Structure formats: structure tokens, C-alpha cells
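Listed below are the residues making up each chain.
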Amino acid sequence: MSLEELYFSVRSRIRELGHRDSLYVIWAYCQYLQLNKFNIPNDIQVSPEFLNSVPPQAFLPEWTLEVIAREVIRHADEQSRRGRSLRQWNNVASIANALRDLEDEIYARFVGGERIHLELMRIAHRQFVWQQHRLNWKPVIRYYKLFNTPDIRAHTRYVTGLSLDQIYLIGLCYLGMFSENPRVARRPNIQIAGISQEHIECFLAFTSLNRRRLADRLRAEHALDEGFFYRYSSLREFPLIQISYQGHDEVACPIPTLLFWRITTGLYYTLKDVPGFPTAFGTSFQQYVGEVIGQRITNPDIAALPEREYRVGLRRKDSVDWIMQERNEAALFVECKTKRLTWASKAGVADLSNFDQDIRKLAGAVVQVYKTIKDYRAGLYPHLPFVEARRIYPAVVTLEDWYFFGLEMPDRLNEAVRTSMEAARLPIAWLDEMPYLIMSVDEFEKLAGVINIAGIQSVVMGKVQDREFRRWGFDAYCNHRYPEEVKHLPKLFHDQYNATFANIALRQS
């Protein structure tokens with residue numbers, strides 16, 4: 001069958017559904033998948049195989065529900081036809097299977113076996129985020145701290161009309177309401193000091209659209225190509241949907257996790273083009289990594305050294321952002337980068353120009369660390385004298401996970417780094433003598449705690465010298481090799497979370 005015929009099969013099933021009823025069922029399934037101890041309501045028929053599967057995502061994953069929600073907003077009617085409803089498992093299964101057939105045909109036509117490693121990268125970015133960024137307090141306090149600087153607070157208020165605290169307080173209140181209900185009144189009764197109805201309206205302007213307007217945007221984004229299941233959609237920008245039912249104005253939230261992402265990671269996309277924001281956010285990220293080091297490193301044998309200015313002749317230069325120094329034995333040179341893999345890179349495999357550009361930028365960050373190591377080796381660092389026997393490990397800590405495992409992405413990055421090293425006239429042998437590390441800040445928060453217990457040399461050498469572990473992400477590596485150390489790590493910034501959001505209930509996974 002052609003792509004158009006396969007998509008028509010999906011669309012024809014969706015058109016028989018009522019949108020309000022369908023968004024309710026999608027909400028129930030998403031909450032079941034994302035929250036512990038959530039029971040799907042009795043008025044929804046569920047397959048026993050789905051309930052008994054481990055994990056249930058093998059039958060119906062969140063990313064498929066997001067696509068179904070997108071199509072329901074576009075095509076479902078006000079009322080169902082012929083009694084069709086997603087409350088009936090057969091209807092859910094038939095749509096999910098039709099989407100699977102469409103995805104298989106898109107893969108065969110646009111991707112193919114020769115790009116299987118790139119497809120695995122796309123799958124990782126589509127799926128892993130649902131597991132790693134579930135509704136819990138950790139991303140809340142991390143992104144709150146990242147945005148909570150004077151410059152960024154000013155940018156936030158200018159763009160949204162809300163303070164950072166108002167965004168988080170209102171957002172967490174909505175998440176609390178949507179933990180038990182798929183819809184709330186257009187004018188909810190939120191009783192928080194300093195929060196008015198005007199603030200609620202500003203928040204809704206930031207996170208919601210009328211269903212018809214959202215449907216128009218989704219139609220404009222529609223394309224039956226390799227990005228159909230992967231590209232960014234307006235549902236992520238506007239996870240709250242304004243609908244009317246029997247004369248009452250409501251706000252529906254079919255996938256509360258998308259609202260959670262909107263007020264954490266998603267705020268970045270609202271601010272990223274504001275003049276001055278990228279520099280302010282980069283500075284804040286560097287400071288946050290320093291706070292992580294300060295909280296995690298209590299071992300007296302490991303010192304934390306911040307960035308220092310130095311000069312080479314008349315030229316002013318800055319050292320690497322942070323150094324974790326374990327006596328004269330080893331040091332981790334940490335460079336902080338907010339650069340993330342773009343949506344164009346995650347969605348496309350036919351044209352790799354965006355992907356290659358992202359890889360080159362990350363390679364540039366790696367080589368930047370080697371350049372500053374060159375100055376360190378020349379004795380130019382004012383805060384860390386060169387010691388020949390000290391092992392140096394360059395590390396780039398990114399805001400989001402690039403999922404550098406497997407073969408394709410590491411090999412492409414290695415090639416780009418080697419090219420940049422040659423252009424900078426840096427010794428290629430350094431790549432073996434001082435192998436570089438790429439990790440997300442989420443991984444770094446865990447790694448720093450493990451290093452505090454086991455030491456830099458032991459932890460890092462155990463990974464880079466093992467052929468198998470070199471292909472693993474740091475999160476999996478730490479969990480596998482240091483399970484007891486990970487198990488007993490203190491909760492990072494949990495006291496600050498409680499102090500800031502103590503009165504707001506967030507149902508956690």
C-alpha cells in the first residue's frame with residue numbers, strides 16, 4: 001500500500017471518534033504508563049495483555065499515544081460516529097496497528113537498512129525521554145535553578161508576562177489537578193498567594209490553544225516523510241487544549257507529561273531567540289554544574305577548581321569551566337555546553353546536513369577543551385600547575401542527553417573531532433592519551449557522586465579502558481558498575497525543592 005493509503009486508514013478510524021472522549025482515554029493510558037499506582041478508570045476497556053505486559057509500553061507506548069492525540073485533535077469529530085470510542089480496546093489497538101504499518105512503510109521507503117544506526121539514534125531520542133524525564137521533582141528543581149537568575153527572570157517575564165515562580169507554581173498546580181482529572185474548568189480555582197486570574201490567563205497563553213487553532217497548526221506541520229513520527233509538533237508547545245462542552249469552557253490535558261516538559265525543558269525554546277538569553281543561560285548552566293560539584297564532592301582528596309582568567313602574552317583567555325582534581329593522580333576538565341541535538345537532526349535521515357552541523361559543533365566543544373589543556377601543559381594555568389604524571393580527562397557536559405551509545409554517533413563525532421584537532425594542530429595522540437567524555441548533566445549529577453566515593457581515576461579509567469563500557473552511557477555504566485554507590489547517593493537539591501514548592505503537590509512517578 002502507498003503511504004497515502006496507509007495514512008488514510010489511520011485518519012478514517014480517527015474521524016469516527018469524538019475528540020473530547022478520545023482525549024480522556026489518551027490521558028488515562030498516559031497516566032497509567034507514567035505514574036505509579038494509577039488505575040485506568042472502569043469505563044475504559046483495557047486488554048489484559050496490556051495490563052500484564054512488562055513493560056506495558058511493548059503494547060502501547062507513550063510516543064504512540066502522542067501521535068494518536070495529534071491525529072485526534074486534527075481529525076476527530078465533536079461526537080463519535082457509529083458508537084466508535086477509544087474506550088473500546090479494539091479501536092485503540094486498530095489505530096496503533098495502523099500507525100505501526102505506516103511507520104514500517106516510511107522506514108522501508110526513506111530509511112532502509114543502510115541507515116539502521118541513525119534510526120536507532122532517532123528511536124532513542126523519541127523513546128528514552130519518556131523514561132528519563134518522567135513527572136518528578138528532579139527536573140523541576142534543576143530547571144528552576146537554571147532559569148532563576150536575574151537576567152533570565154527578566155527575559156521570562158518579558159516574553160510570558162509571568163515571573164519564573166508564577167510559571168512553576170501555576171504549572172505544578174495544573175499538574176496536580178491533571179493527575180486525577182483529564183479536564184478542568186477554563187477558570188480553575190487556584191488559591192495561591194500572589195496568583196490572580198490574570199496570571200492564569202498569561203499561563204494559558206503560554207501553554208494552551210483552542211482545539212481548532214491547534215488543529216490548524218498541526219495540519220500545517222503534517223508531512224508523510226521520514227519525520228512523521230519524530231518531528232516536533234505544536235502539541236508539545238501547547239499541551240493544554242481549550243474546548244467547549246455543553247456551554248462550558250474547559251481545558252483538557254491529554255498528556256500531562258508534555259505540560260511538565262513545557263514548564264521545564266520547554267521554557268528554553270520560548271526564550272532561546274531573545275537577545276542576551278543564550279549567553280545568560282550558558283553562564284547559568286556553568287554555575288549550576290559548579291553547584292552540583294559543590295554538593296556532590298565532599299571527599300577531601302578531590303578539589304573543585306572554578307574557571308580562571310589567564311594570559312598568553314597580551315591575549316586574555318579563560319581556563320576550562322571546572323576542574324575536579326584528585327591530588328596529583330587525575331583531573332577531570334569539565335566544559336559546560338547547553339548545545340542540544342536539534343529537532344531537525346532528530347527527525348530527518350534523508351538530509352543529514354543538520355545532523356552533521358550539530359556533530360561539528362559538539363566536536364568544536366571537545367577540541368576547545370583540548371586547546372585549554374595545551375595551555376595547562378605549558379604551565380599557563382594559574383590555579384593548577386602542570387604535573388606530568390597526572391592523568392587528564394576532557395569532559396563535555398551537555399544540558400540534554402545526546403545518547404552517545406552504539407556505533408553511528410560516536411564514530412561520526414570521533415571523525416569530526418579528529419578533523420578539528422588536525423585543523424587546530426593539536427596532537428591526535430591526545431585522543432588516546434586523554435580520551436574525551438560526553439555526558440548529560442543528568443548523568444554528571446550521578447557520576448560526580450560516584451566519583452566522590454570511588455575516585456576519578458578508578459571510575460573514569462574503568463569506563464574508557466573497557467571496549468564494551470566505552471559504548472555505554474554514563475548513567476548505565478554507573479548503575480551497572482557502582483550500584484550500591486548510586487543507591488546511597490543523597491538527593492540532590494531536594495531540600496531546595498521542598499523549600500520552594502512545599503505547598504504544591506506533584507504526583508510523582
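Thresholds applied
- Residues numbered from 1 in each chain as written.
- Predicted model: local features only at pLDDT ≥ 70, side-chain atom pairs only at ≥ 80, totals over all residues.
- Heavy atoms only, no water.
- Helix = DSSP H or I, 4+ residues; strand = E, 2+ residues; numbered from the N terminus.
- Rg over C-alpha atoms; globule rule 2.2 N^0.38 Å.
- Buried < 20%, exposed > 50% of the residue type's maximum accessible area, 1.4 Å probe, protein only.
- Contact = heavy atoms within 4.5 Å.
- Areas by Shrake-Rupley, 256 points an atom, 1.4 Å probe, with all protein chains shown as cover.
- Lys, Arg positive; Asp, Glu negative; His and termini not counted.
- Charge placed at Lys NZ, Arg CZ, Asp CG, Glu CD.
- Pairing = 2+ DSSP bridges.
- Axes fitted to C-alpha atoms, helices over the stretch in contact; angles between N-to-C directions.
- Salt bridge = Lys/Arg side-chain N within 4 Å of Asp/Glu carboxyl O.
- Polar contact = N/O pair within 3.5 Å; in protein donor to acceptor, adjacent residues only side chain to side chain.
- Arc of directions from axis to C-beta.
- Parallel < 35°, antiparallel > 145°, perpendicular 65-115°, else oblique.
- Nonpolar A, V, L, I, M, F, W, Y, C, P; charged D, E, K, R; others polar.

### Concerning the overall build of the protein
Turning to step 1, where the next piece is worked out: Secondary structure assignment for the protein yields 24 helices and 11 strands.
Turning to step 2, where the next piece is worked out: In terms of overall size, the protein behaves like a compact globule, its C-alpha atoms giving a radius of gyration of 24 Å where 509 residues would be expected to give roughly 23 Å.
Turning to step 3, where the next piece is worked out: Based on the C-alpha atoms only, the size of the protein along its principal axes is roughly 80 × 55 × 45 Å.
Turning to step 4, where the next piece is worked out: Here the protein, with 509 residues, has 56% of them falling under the buried criterion.
Turning to step 5, where the next piece is worked out: Within the protein, contacts between residues separated by at least 24 positions form 76% of all contacts whose residues are at least 6 apart in sequence.
Turning to step 6, where the next piece is worked out: Here the protein has roughly 22200 Å² of accessible surface; of this, 47% comes from carbon and sulfur atoms.
Turning to step 7, where the next piece is worked out: Averaging the coordinates of the 64 positive side-chain charges in the protein and doing the same for the 61 negative ones gives two points 2 Å apart.

### Points about the sheet that holds strand 11 (residues 437-440)
Turning to step 1, where the next piece is worked out: Pairing within the open sheet is mixed, and its five strands lie in the order 5-8-9-10-11. Two strands bound the open sheet, and with one partner strand each, they are strand 5 (302-306) and strand 11. Mean inter-strand twist for the sheet, computed between neighbouring axes without regard to direction, equals 25°.
Turning to step 2, where the next piece is worked out: Taken together, the five bridges between strand 5 and strand 8 (residues 322-326) define a ladder with antiparallel strand orientation. Among the inter-strand pairings, Ala304 is bridged to a residue of strand 8, identified as Met324.
Turning to step 3, where the next piece is worked out: This element, helix 17 (residues 353-377), spans strand 9 (330-337), strand 10 (391-398) and strand 11 of the sheet and lies at about 145° to strand 10.
Turning to step 4, where the next piece is worked out: Its contacts with the sheet place helix 20 (residues 441-454) against strand 5, strand 8, strand 9, strand 10 and strand 11, and it is angled at close to 110° to strand 11.

### Points about the pattern of salt bridges
Turning to step 1, where the next piece is worked out: If you walk through the whole model with that rule in mind, you get 35 salt bridges.
Turning to step 2, where the next piece is worked out: The salt bridge partner of Asp21 is Arg87, with a shortest N-O separation of 2.5 Å. A residue pair is termed long-range when its members are at least 10 positions apart, and Asp21 in helix 2 (residues 19-34) and Arg87 in the loop between helix 4 (62-75) and helix 5 (89-111) qualify at 66 residues.
Turning to step 3, where the next piece is worked out: The exposure class of Arg87 is partly exposed, given its relative accessible area of 26%.
Turning to step 4, where the next piece is worked out: Measuring nitrogen to oxygen at the nearest pair gives 2.8 Å for the salt bridge that ties Glu66 to Arg236.

### Some words on unusual backbone geometry
Excluding glycine, residues mostly have negative phi values, and the peptide bonds linking residues are mostly trans.
Turning to step 1, where the next piece is worked out: Going from Val54 to Pro55, the amide bond is cis rather than trans, its omega being 0°.
Turning to step 2, where the next piece is worked out: Here Pro55 lies in the loop between helix 3 (48-52) and helix 4.
Turning to step 3, where the next piece is worked out: For Arg425, which is not a glycine, the phi torsion comes out positive at approximately 60°.
Turning to step 4, where the next piece is worked out: Tracing the sequence through the fold places Arg425 in the loop between helix 18 (408-423) and helix 19 (430-433).
Turning to step 5, where the next piece is worked out: Positive phi outside glycine occurs at Phe493, with the angle close to 60°.
Turning to step 6, where the next piece is worked out: Position of Phe493 among the secondary structure elements: in the loop between helix 23 (483-487) and helix 24 (494-501).

### Notes on the environment of Leu102
Turning to step 1, where the next piece is worked out: Inspection of the secondary structure puts Leu102 in helix 5.
Turning to step 2, where the next piece is worked out: In sequence terms Leu102 and Leu224 are 122 residues apart; their C-alpha atoms lie 9.3 Å from each other.
Turning to step 3, where the next piece is worked out: With near-sequence residues (within four places) excluded, Leu102 lies in contact with Leu3, Leu6, Tyr7, Leu224, Phe228 and Phe229.

### A closer look at the side chain of Lys145
Turning to step 1, where the next piece is worked out: You can see Lys145 is positioned in helix 7 (residues 137-147).
Turning to step 2, where the next piece is worked out: Looking at Lys145, its side chain comes within polar contact range of the side chain of Gln496, at 2.9 Å.
Turning to step 3, where the next piece is worked out: Setting aside its immediate chain neighbours within four residues, Lys145 contacts Ser284, Tyr288, Glu291, Phe493 and Gln496.

### A word on helix 8 (residues 150-160)
Turning to step 1, where the next piece is worked out: All of the buried residues in helix 8 are Ile152, His155, Thr156 and Thr160. On an axial view of helix 8, the arc spanned by its buried residues comes to 105°, and they lie on one face. In helix 8, those exposed residues whose orientation departs by more than 90 degrees from the buried face are Pro150 and Tyr158.
Turning to step 2, where the next piece is worked out: Looking at the buried side of helix 8, the elements it contacts are helix 7, helix 9 (164-178), helix 10 (197-207), helix 14 (265-271) and helix 15 (277-296).
Turning to step 3, where the next piece is worked out: Within two residues after helix 8, Gly161 carries a phi angle of roughly 80°, on the positive side.

### Quick look at the pairing of strand 4 (residues 248-252)
Turning to step 1, where the next piece is worked out: For strand 1 (residues 183-185) and strand 4, the ladder comprises three bridges, and the chain directions are antiparallel. In the strand pairing of strand 4, Ala185 is matched with Glu250.
Turning to step 2, where the next piece is worked out: The pairing of strand 3 (residues 240-245) with strand 4 spans five bridges and is antiparallel. When the bridges of strand 4 are listed, Tyr245 appears paired with His248.
Turning to step 3, where the next piece is worked out: Linking two consecutive strands that pair antiparallel, namely strand 3 and strand 4, is a turn of two residues; a positive phi of about 50° is found at Gln246 within it.

### Thoughts on the sheet that holds strand 4
Turning to step 1, where the next piece is worked out: Spatially, 1-4-3-2 is the arrangement adopted by the four strands of the open sheet, whose pairing is mixed. Each edge of the open sheet is held by one strand with a lone partner, namely strand 1 and strand 2 (208-210). Ignoring strand direction, the axes of neighbouring strands in this sheet form an average angle of 35°.

### Concerning the packing of helix 4 against helix 6 (residues 116-132)
Turning to step 1, where the next piece is worked out: Put simply, helix 4 and helix 6 touch, their axes get as near as 9 Å, and they point 105° apart. Considering the angle they form, helix 4 stands roughly perpendicular to helix 6. Residues Glu62, Trp63 and Glu66 of helix 4 pack against Arg126, Gln127 and Trp130 of helix 6.
Turning to step 2, where the next piece is worked out: Class assignment for the residues of the contact of helix 4 with helix 6 results in two nonpolar, one polar and three charged.

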